[in-house]
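Secondary and tertiary structure notes
Listed below are the residues making up each chain.
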Amino acid sequence: MATKSSASVSPEKDEALAATAASPAPETESRDEVASKLVDRFAIWSGVAGLVPIPVVDLLCVGGLQVQMLRRLSQIYDVEFSENRGKAVIAALAGTMIPATSGMGAASALKTVPILGMLASGFVMPALSAGATYAIGKAFIQHFESGGTLLDFNPPDYREFVKAQKEMWESRSKSTSSPASTSSPAP
C-alpha cells in the first residue's frame, strides 16, 4: 500500500514555508511587517542591481528582482501568482511611474559613456532602482491587504500612492545618509 508523501510540489511554497518557520511566530510579527521587511530587502537588492555596469542588463536584473518580490508578496498574502501576469502588472505599474522608469533607462544608457557616464550612472541608477522597487512593493502590500489579487490590480489607481511612497523612500534615504549633520559647529 502506497503512502501519500507530505512533500510539497512547489519549490516556492517550500521556500515560503521555510522563511515562515525561520521567522518569529505570527503573534509577534504581522503579515504587513513581514511584507514590509521583504520590500525593504528587495529595494536594497535592486539598488545593488542598479550598479551592474552593463546597460540593459541592469534593468533586467532590477525587473527580475521586482517579479521575485511580487512572487514572495503573493505567497505572504496567499494570492495566486502567475509569472506572466506578474511581469505584465509590474510593467503597467512602472508605466504609471514614467519619470522614474525613463530615468532608469537613461541612467542605464549613460553606462555606455566611458568614465563620466559610468560615474553618473553609478550614483543615479541605484537610487532610482531602489526607489521604484520600494514603491511597487508598497503598492502591492496595500492592494493585497485590501483583498486584491493580481487579476484586479489597476495601476492608475495607485499612481498617487506610488508617488507618495517614492517620496517617502527619498526622504528616508536622505535622513540615513546624513547622520553627522547633528554635530555642533566649531567655535
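What this report covers is the structure whose coordinates are included nearby. (Residues numbered from 1 in each chain as written. Predicted model: local features only at pLDDT ≥ 70, side-chain atom pairs only at ≥ 80, totals over all residues. Heavy atoms only, no water.)

This part takes up the nonpolar core. Among soluble globular proteins, nonpolar side chains are generally buried collectively. Counting residues in each nonpolar core, the largest one holds 28 residues, and the members touching the most others are Met69, Leu73, Tyr77, Leu93, Phe140 and Phe144. Elements with a minimum of two residues in this core: α2 (31-49), α3 (57-76), α4 (83-96), α6 (116-145) and α7 (159-177). The biggest single contributor to this core is α6, with eight residues. With sequence-adjacent residues up to four places away left out, Met69 is seen in contact with Leu38, Val39, Phe42, Thr133, Ile136 and Gly137. Formed by six residues, the second largest nonpolar core is a distinct cluster that contains Ala49, Val62, Met104 and Ala132. (Core = buried A, V, L, I, M, F, W, Y, C linked by side-chain atoms within 4.5 Å. Buried < 20%, exposed > 50% of the residue type's maximum accessible area, 1.4 Å probe, protein only. Helix = DSSP H or I, 4+ residues; strand = E, 2+ residues; numbered from the N terminus. Contact = heavy atoms within 4.5 Å.)

Quick look at unusual backbone geometry now. Non-glycine residue Val56 carries a positive phi angle of around 75°. Even without a glycine there, the phi angle at Asp78 is positive, about 55°. With respect to the helices, strands and loops of the structure, Asp78 is situated in the loop between α3 and α4.

Across all of its chains, the model carries three aromatic pairs by this definition. Summarising the aromatic geometry, the rings of Phe140 and Phe144 are spaced 5.8 Å apart at their centres and angled 45° between planes, so their arrangement reads as tilted. Here Phe140 pairs with Phe144, and both are found in helix α6, just four residues apart, close to one helical turn. The residues Phe140 and Phe144 share a single accessibility class, namely buried. Ring plane angle 20° and centroid distance 4.4 Å describe the contact between Phe140 and Phe153, whose orientation is recorded as stacked. In this pair, Phe140 is assigned in helix α6 and Phe153 in the loop between α6 and α7, connecting sequence segments 13 residues apart. There is no split in this pair, since Phe140 and Phe153 are both buried. Each member of the aromatic cluster is reached from another via a ring pair, and the members are Tyr77, Phe140, Phe144 and Phe153. (Phe/Tyr/Trp six-rings, centres within 6.5 Å; stacked < 30°, edge-to-face > 60°.)

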